[in-house]
Amino acid sequence: MKINEALRETITAAGQEHLLRALDALPENEQADFAAQLENVDFNALPGLIADYVLKRPEVAIPDDLGPAPYYPLAPENDEQKQLYRDAVARGEEMIRAGRVACLTVAGGQGTRLGFDGPKGTFPIGPVTGRPLFAYFAGGIRRTQEKYGVKIVWYLMTSQLNHAQTVDFFKKNSYFGLDADQVFFFTQGTMPAIGYDGKLLMNSKKSLALSPDGHGGTLLALRKSGALDAMKRDGVDVISYFQVDNPLVPVIDPKFIGLHALTSSQMSAVMLAKTNAMEKLGNFCVSGGRLQIIEYSDLPKTLAEKTLPDGSLAFIPGSPAIHVIDRAFVEELTAGGKLQLPWHRADKKIPFLDAEGNLVSPETPNGVKLESFIFDALPLARRTMVLECDRAEVFAPTKNRTGVDSVDSCRAMLVDRDARRLAAAGVKIPRDAEGNCTALIEISPALAVDAGDVARLAAARGIVEIASGEKICLE
């Protein structure tokens, strides 16, 4: 397959002639896939990216006026705020019933760090049943549909690496009780890896070394996949965004949705109070009146440890990557098929073909992968909103096999959340001297998405006490 002369000239002007030589060296019947990869690269933009992100190392500039972001607190502070929160719940429920809200899950990762061979969303996380991560979100969607009498579409972003496995997993599990037509799978975009000399790396004689373009790429992938058009056709104008490794997250939170609407926000975010100055959460900050996130590794220690007169952290708002985004705002950010977000540099060890055509696996970083981050859309929004939530109710990331943010900690938090809700419903829960639940409890998300659901479930089934050491799953 030949590529047109204009593209050849563009590739040459970008200083990437080695790719044309590699293409021309292939037998004609093997050129098609590599030619398609080249056609998908924006070679016009490439020299600028190389100059800004590869040949020099970008520095994160900390504005002089940087301060902690304001947020709506977990508990209302006055009567006016109490009424606002009540109004927000009512507005959110109204929007859900009207079919204006869809779910969006970023699920392009593999379970490698969990010691698991497969898409992360297929990892068995249920404390009793081992139900997979995907089943938690599907169950939450099913229960939300039942509560509000509406069909909710779930947009699920995969990667080229796990797309086929993910779709097959859903088919084998009958879409976890959802209709096949309400799960919209689409694939994350990629970016070519770049060597420190500014040349695009190849990982075979007929392929670039490609990597996912970051969770910010979700927005452009929504446009390219036709998902934005589908949302507009279906009357969806608000997107509930969350990541696949957090089964505790409410798939749709009426209060969050409603407050987003009442404040006319284009993009909103959940905030958690950081447990310590150096906790590995992005920091919600403001500069020039614009909301932004400064990564934990970029916020100067003097600011991270800065305290208020009462001794609490000044920069306390941390990001668990839970957002509500207007569909129209995503359309703005991806107008013309271009993503209007900055790139971030990641130095990596990238397998590559050397000049003799041998595949080399480097022992030290040899190139750059470029990623975009969805939180970089926040300062581009005309209005934003940040809402504090209870960590124990919304955030239990499954990032590691053991230790912090691990499989073990996530399962413990799932048990604690369900035990806490049962206790609030009057059920006697066994606990040890430290207050930890000594039973294994799991409540199907298809039955309960909030404390009210759990109270009704306990009453209907006559549950009054759970014994220490008992394993109980309410399905």
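Presented here is a report on the structure given in the accompanying data block. (Residues numbered from 1 in each chain as written. Predicted model: local features only at pLDDT ≥ 70, side-chain atom pairs only at ≥ 80, totals over all residues. Heavy atoms only, no water.)

Points about the environment of E80
No. 1: Here E80 shows up in helix 5 (residues 79-97).
No. 2: E80 sits 116 residues away from Y196 along the chain, and the two C-alpha atoms are 56 Å apart. (Helix = DSSP H or I, 4+ residues; strand = E, 2+ residues; numbered from the N terminus.)

Structural notes on the sheet that holds strand 19 (residues 367-371)
No. 1: Here we have 3 strands laid out as an open sheet, ordered 6-19-16, and antiparallel in their pairing. Only two strands of the sheet have a single partner each, and these edge strands are strand 6 (194-195) and strand 16 (344-348).
No. 2: Note that strand 6 and strand 19 share 2 bridges and pair antiparallel. Bridge pairing in strand 19 links I194 to V368. (Pairing = 2+ DSSP bridges.)

Observations concerning helix 9 (residues 227-234)
No. 1: Burial in helix 9 covers these residues: A227, L228, A230 and M231. For helix 9, the angular spread of the buried residues around the axis is 160 degrees, confining them to a single face. Pointing more than 90 degrees away from the buried face of helix 9 are the exposed residues D229, K232 and R233.
No. 2: The secondary structure elements touched by the buried residues of helix 9 are strand 3 (154-158), strand 4 (183-187), helix 8 (217-225), strand 10 (238-243) and helix 12 (327-333). (Buried < 20%, exposed > 50% of the residue type's maximum accessible area, 1.4 Å probe, protein only. Arc of directions from axis to C-beta. Contact = heavy atoms within 4.5 Å.)

Considering the nonpolar core
No. 1: Grouped together as the largest cluster of nonpolar side chains are 54 residues, with contacts concentrated most on C103, I125, F134, F137, W154 and F170.
No. 2: The dominant element in this core, judged by the number of residues it contributes, is helix 6 (residues 133-148), at 8 residues.
No. 3: The residues contacting C103, other than those within four sequence positions of it, are I141, I152, V153, W154, Y155, S240, F242, V251 and I252. (Core = buried A, V, L, I, M, F, W, Y, C linked by side-chain atoms within 4.5 Å.)

Section: the packing of aromatic side chains
No. 1: Scanning the entire structure with this criterion turns up 14 aromatic pairs.
No. 2: Seen in terms of ring centroids, F169 and F176 are 5.8 Å apart; in terms of plane orientation they differ by 50 degrees. Their pairing is tilted. Judged on exposure class, the residue F169 and its partner F176 are both buried.
No. 3: Ring pairs connect the aromatic residues F134, F137, W154, F169, F170, Y175, F176, F185 and F242, which therefore count as one cluster.
No. 4: Across the ring face of Y136, the terminal group of R131 is positioned such that the distance to the ring centre comes to 5.8 Å. (Phe/Tyr/Trp six-rings, centres within 6.5 Å; stacked < 30°, edge-to-face > 60°. Lys NZ or Arg CZ within 6 Å of the ring centre and 35° of its normal.)

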